[in-house]
Amino acid sequence: MSLSSVPAAHGPSAPAPTSHAAADRRAVAARPAAARPAAARSAAARTEPESTGAEAIVRSLDMLGVTDVFGIPGGAILPTYDALMDSPRIRHVLVRHEQGAGHAAEGYAAATGRVGVAMATSGPGATNLVTAIMDARFDSVPLLAITGQVSSEALGTDAFQEADIVGITVPITKHSYLVTEASEIPGVLAEAHRLALDGRPGPVLVDITKDAQQGTAPFVWPPEGHDAPAASTAKVSRSQIRRAADEIARADRPVLYVGGGAVRAGAAAELRELADLVGAPVVTTLMARGILPDSHPLNLGMPGMHGTVPAVLAMQRSDLLVAIGARFDERVTGDRAQFAPDARVVHIDIDAAEISKLRHAHVPIVADARTALPELTRALRSRDARADLGAWWSFLDGLRQEYPLGFSPTSDGRIAPQHVIQRIGRLTGPEAIYTAGVGQHQMWAAQFIGFERPQAWLNSGGAGTMGYSIPAAMGAKVAVPDRVVWAIDGDGSFQMTNQELATCAMNDIPIKVAVINNSSLGMIRQWQNLFYGRRYSNSDLGTGQDTVRIPDVVRLAEAYGCAALRVEDESEVDEAIGTALAINDRPVVIDFVVSADAMVWPMVPQGVGNDRIRYARDHEAAFGDGV
Ligand SMILES: Cc1ncc(C[n+]2csc(CCOP(=O)(O)OP(=O)(O)O)c2C)c(N)n1
Ligand SMILES: [Mg+2]
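Residues numbered from 1 in each chain as written. Chains lettered and ligands numbered in written order. Predicted model: local features only at pLDDT ≥ 70, side-chain atom pairs only at ≥ 80, totals over all residues.

Looking at an unreviewed UniProt entry, the protein carries the name Acetolactate synthase, with the source organism given as Nocardiopsis aegyptia. The record in UniProt for the protein states the following under Catalytic activity (unreviewed entry): "2 pyruvate + H(+) = (2S)-2-acetolactate + CO2". In its Sequence similarities (unreviewed entry) section, UniProt records this for the protein: "Belongs to the TPP enzyme family." (UniProt positions renumbered as here; feature names shortened; annotations may be inferred.)

Structure follows, in structure tokens:
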């Protein structure tokens, strides 16, 4: 973006802050400067002593309630790192790669709903953040990325470590700011922090030149235009709510299709109330696992490419989809032309751009799910006539009976990866936080851990970023230190970001890592097995049994200061998990050496209709007819 859209610290007043920012606002309100009445404050502004831009960055973050920052210093951000040293309240976690800082900030945010903060220097430091920023964009994660930039007189000269990070990130952030004056810093940071949370959450980048960090200006807080949390003007349309209630009341085969937006909105209780009232089946997408407990009788599990048969076919046969913070992603719909052919659609989303983007919404409702759902519940409560869902449930219960999630024993006698993941979930329980890399292990984790609460399952859904799990687990553990945090990782994903084990070991962040070591890029191997005539091009990693074992996961983990175990026999699985659960003074890594031949089932092959869901390898296209 251009400088012109950077609000000056004394600029026009800002739009309404979000409800999500309430906790942070409380933190700000508790501080003396924010508590002063407006008149006193502006008088104070005139007399406020000068501070450097770098000090202003640290003080602004403090005022915004930020307590943790993940990052790595470099020349262009050194003034800020110097100022950070004097902050008694902000903990900086020195990561080993900026991508780790970005995912850690994401994990921190996804586990709490607060803004995660990552910091990096200019050039390569900033570009190393790009994958995490893109990831946060896809999965609506409130992320504040702060980067140092070369001094303003050197901008555009190909100066040492100069990268146009604003230009690079414009398509993948909600907004990217370039700041060249110390006086702009508090206002821009306040706005960026609010913007990350506002409406649909997402990443915001603030790139600050070195001279802005070194320059001085009076530190004014709250910056003018950012002081009054304006009342929310967002109102849910009454008539749309009434129409949605009409649709639900007369639907014979309704499905509540719940996505990650409902998790970000903190709408679990509101969803449950609506679901219980309507008695409709609920499907929870990869990003929404846990928003309704898996043990809840209305929960059919995950829809989509590796969803349960009941969830996939419920959508397929539905006459009304109530989409809540979900976006009709291709991994859910399969071939869109054949998706849920009889379904009308009620679509609730905070982001108007999602509504009717991929599937026409008969009733569009642009609203925060947490606000809209209680209104919908209220509207439905006042109606006495609602369709009888008996026939619908007997069809779905039949599917549940016939096609439960499960897995078969492996053919090579090695451990079934699903078994390991299921045992981790059972022995650890639903209060823990689980993260995953990307691949088969991610899908098995989504299927077999068993989620009972939102914000317990953190993964990279939209972007599918291998390397997410260890740094995200680290961020989650920093945010919620009292919870057990498991990173369920693949041997491939593990090799992308495992250097953050050093960060965990050095900073007392005792995460637990389960490497589901199938010696391969398993998901790639699965596609090659099914769709490429078993030609395993470049999917073998050599990390598992009877291979060169490079790297040796146990020795690598030990080198990073972690406790490490290897499990090669099913009989040792429970004991190893128990050992890991008992170690809390350092990170633990378990190398679970599992079969390379296990596959993720059910599966809808890419590009075909969801009717063609395969329950298992030789069980295909059995669902052409139905209700
Ligand atoms: C950064 C990145 N590069 C490539 C891919 C493509 N990809 C998807 S799954 C996968 C294999 C993952 O292997 P592993 O982490 O061992 O998990 P597994 O499938 O074996 O459980 C690959 C290469 C990706 N998703 N992300
Ligand atoms: Mg693997």
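1. A closer look at the overall build of the protein
Within the protein one finds 26 helices and 20 strands. The globule rule puts the C-alpha radius of gyration for 627 residues at 25 Å, and the 25 Å found for the protein is close to it. In terms of overall dimensions, the protein has C-alpha extents of about 75 × 65 × 45 Å along its principal axes. Burial statistics for the protein: of 627 residues in total, 57% are counted as buried. Pairs at least 24 residues apart make up 78% of the contacts formed inside the protein by residues separated by at least 6 positions. (Helix = DSSP H or I, 4+ residues; strand = E, 2+ residues; numbered from the N terminus. Rg over C-alpha atoms; globule rule 2.2 N^0.38 Å. Buried ≥ 20, exposed ≤ 12 C-beta atoms within 10 Å, placed from the backbone. Contact = placed C-beta atoms within 7 Å.)

2. Details of the site of ligand 1
Near ligand 1 lie 19 residues; those nearest to it are Gly439, Gly490, Gly492, Ser493 and Gly522. Counting residues per element, the ones that place at least two in the shell around ligand 1 are α20 (440-448), α22 (491-497) and α24 (522-531). (Near = placed C-beta within 6 Å.)

3. Details of the confidence of the model for the protein
Regions with low pLDDT carry predicted coordinates that are not meant to be interpreted in detail. Of the residues in the protein, 90% have a pLDDT of 70 or more, and the chain-wide mean is 91. Scored below 50 in pLDDT, residues 1-45 makes 73 contacts in the model with residues more than four places away or belonging to other chains. (pLDDT = per-residue confidence, 0-100.)

4. A few points about the UniProt feature "domain: Thiamine pyrophosphate enzyme TPP-binding" (unreviewed entry) in the protein
Within this structure's numbering, the places UniProt gives as "domain: Thiamine pyrophosphate enzyme TPP-binding" (unreviewed entry) are residues 437-592. For residues 437-592, helix accounts for 39% and strand for 15%, while the C-alpha atoms at its two ends are 15 Å apart.

5. A closer look at helix α18 (residues 390-402)
Residues lying three or four places apart along an α-helix face the same way, a consequence of the helix completing one turn every 3.6 residues. Relative to the 18 Å expected for 13 residues at 1.5 Å per residue, α18 spans 18 Å between its end C-alpha atoms, a close match to the ideal helical length. Turning to α18, its buried residues number three or more, namely Trp392, Leu396, Leu399 and Arg400. Taken around the axis of α18, the buried residues stretch over an arc of 100°, which confines them to a single face. Turned more than 90 degrees away from the buried face of α18, the exposed residues are Gly390, Ala391, Ser394, Gln401 and Glu402. At its buried positions, α18 is contacted by β11 (299-301) and α15 (309-317). (Expected span 1.5 Å × (residues − 1). Arc of directions from axis to C-beta.)

6. Quick word on the domain arrangement of the protein
The accessible area lost on association of the parts is a frequent measure of interface size. Taken as a whole, the protein is organised into domain 1 (46-221), domain 2 (238-403) and domain 3 (417-593). For domain 2 versus domain 3, the distance between C-alpha centres works out to 31 Å. Contacts between domain 2 and domain 3 engage 13 residues on the former and 13 residues on the latter. Considered class by class, the residues forming the side of domain 2 that touches domain 3 number 7 nonpolar, 4 polar and 2 charged. (Domains from an automatic or database assignment. Nonpolar A, V, L, I, M, F, W, Y, C, P; charged D, E, K, R; others polar.)

7. A look at the environment of asparagine 498
Looking at the secondary structure, you find asparagine 498 in the loop between α22 and α23 (500-506). Taking the C-alpha atoms as reference points, asparagine 498 and aspartate 211, 287 residues apart in sequence, are found 35 Å from one another. Beyond its immediate stretch of four places on either side in the chain, asparagine 498 contacts Ile470 and Leu556.

8. Focus on the sheet that holds strand β10 (residues 282-284)
Pairing in this open sheet of 6 strands is parallel, and the strands run β11-β10-β9-β12-β13-β14 from one edge to the other. Two strands bound the open sheet, and with one partner strand each, they are β11 and β14 (363-366). Adjacent strand axes in the sheet meet at a mean angle of 20° when their direction is disregarded. Those strands touched by helix α12 (residues 238-250) are β9 (254-258), β12 (320-324), β13 (344-349) and β14, and its axis lies near 135° from that of β14. (Pairing = 2+ DSSP bridges. Axes fitted to C-alpha atoms, helices over the stretch in contact; angles between N-to-C directions.)

9. So, the sheet that holds strand β6 (residues 175-179)
Across a sheet, paired strands are connected by hydrogen bonds in the backbone, their directions being either parallel or antiparallel. In spatial order, the strands read β3-β2-β4-β5-β7-β6; together these 6 strands make up an open sheet with parallel pairing. Looking at the sheet topology across the chains shown, the edges are occupied by β3 (91-94) and β6. On average, each strand axis in the sheet is inclined to that of its neighbour by 20°, with strand direction left out of account. In this structure, strand β4 (residues 116-120) lies alongside strand β5 (residues 143-149), joined through 5 bridges in parallel fashion. Paired with glycine 116 across the bridge in β5 is leucine 143. Strand contacts of helix α8 (residues 130-138): β4, β5 and β7 (203-209), with the helix running at about 145° to β7, the strand carrying the most contacts.

10. Focus: the UniProt feature "domain: Thiamine pyrophosphate enzyme central" (unreviewed entry) in the protein
UniProt annotation of "domain: Thiamine pyrophosphate enzyme central" (unreviewed entry) refers to residues 241-376 when read in the numbering used here. With 35% helix and 19% strand, residues 241-376 has its two end C-alpha atoms placed 6 Å apart.

11. Quick notes on the packing of helix α6 (residues 98-112) against α8
For the pair α6 and α8, interaxial distance at closest approach is 7 Å and the crossing angle is 25°. Considering their axes alone, α6 and α8 lie roughly parallel with respect to each other. Between α6 and α8, the contacting residues are Gln99, Gly102, His103 and Glu106 on the first element and Thr131, Ala132, Ile133, Asp135 and Ala136 on the second. (Parallel < 35°, antiparallel > 145°, perpendicular 65-115°, else oblique.)

12. Here's the deal with the pairing of strand β2 (residues 68-71)
Across 4 bridges, the pairing between β2 and β3 is parallel. Opposite phenylalanine 70, over in β3, you have valine 93 as the bridge partner. The parallel pair β2 and β3 is bridged by helix α5 (residues 78-84), and the resulting crossover is right-handed. Note that β2 and β4 share 2 bridges and pair parallel. When the bridges of β4 are listed, glycine 71 appears paired with methionine 119. (Right-handed = clockwise from strand over helix to strand, strands pointing away.)

13. Thoughts on unusual backbone geometry
A cis amide bond links tryptophan 221 to the next residue, proline 222, at an omega of -5°. Examined against the element boundaries, proline 222 turns out to sit in the loop between β8 (216-218) and α12. The step from tryptophan 601 to proline 602 runs through a cis peptide bond, and the omega angle for that step is -5°. Within the chain, alanine 340 stands out as a residue other than glycine whose phi angle is a positive 40°. Turning to its location among the elements, alanine 340 is positioned in the loop between α16 (330-333) and β13.

14. Notes on the packing of α15 against α18
The contact between α15 and α18 brings their axes to 9 Å, and the two run at 150°. Relative to α18, α15 is oriented roughly antiparallel. Along this stretch, α15 crosses α18, giving a crossing that reads as right-handed. Facing Val309, Pro310, Leu313 and Ala314 of α15, the residues of α18 in contact are Leu396, Leu399 and Arg400. Its residues placed into classes, the contact of α15 with α18 shows 6 nonpolar, no polar and 1 charged. (Left-handed = near helix turned anticlockwise from the far one by under 90°.)

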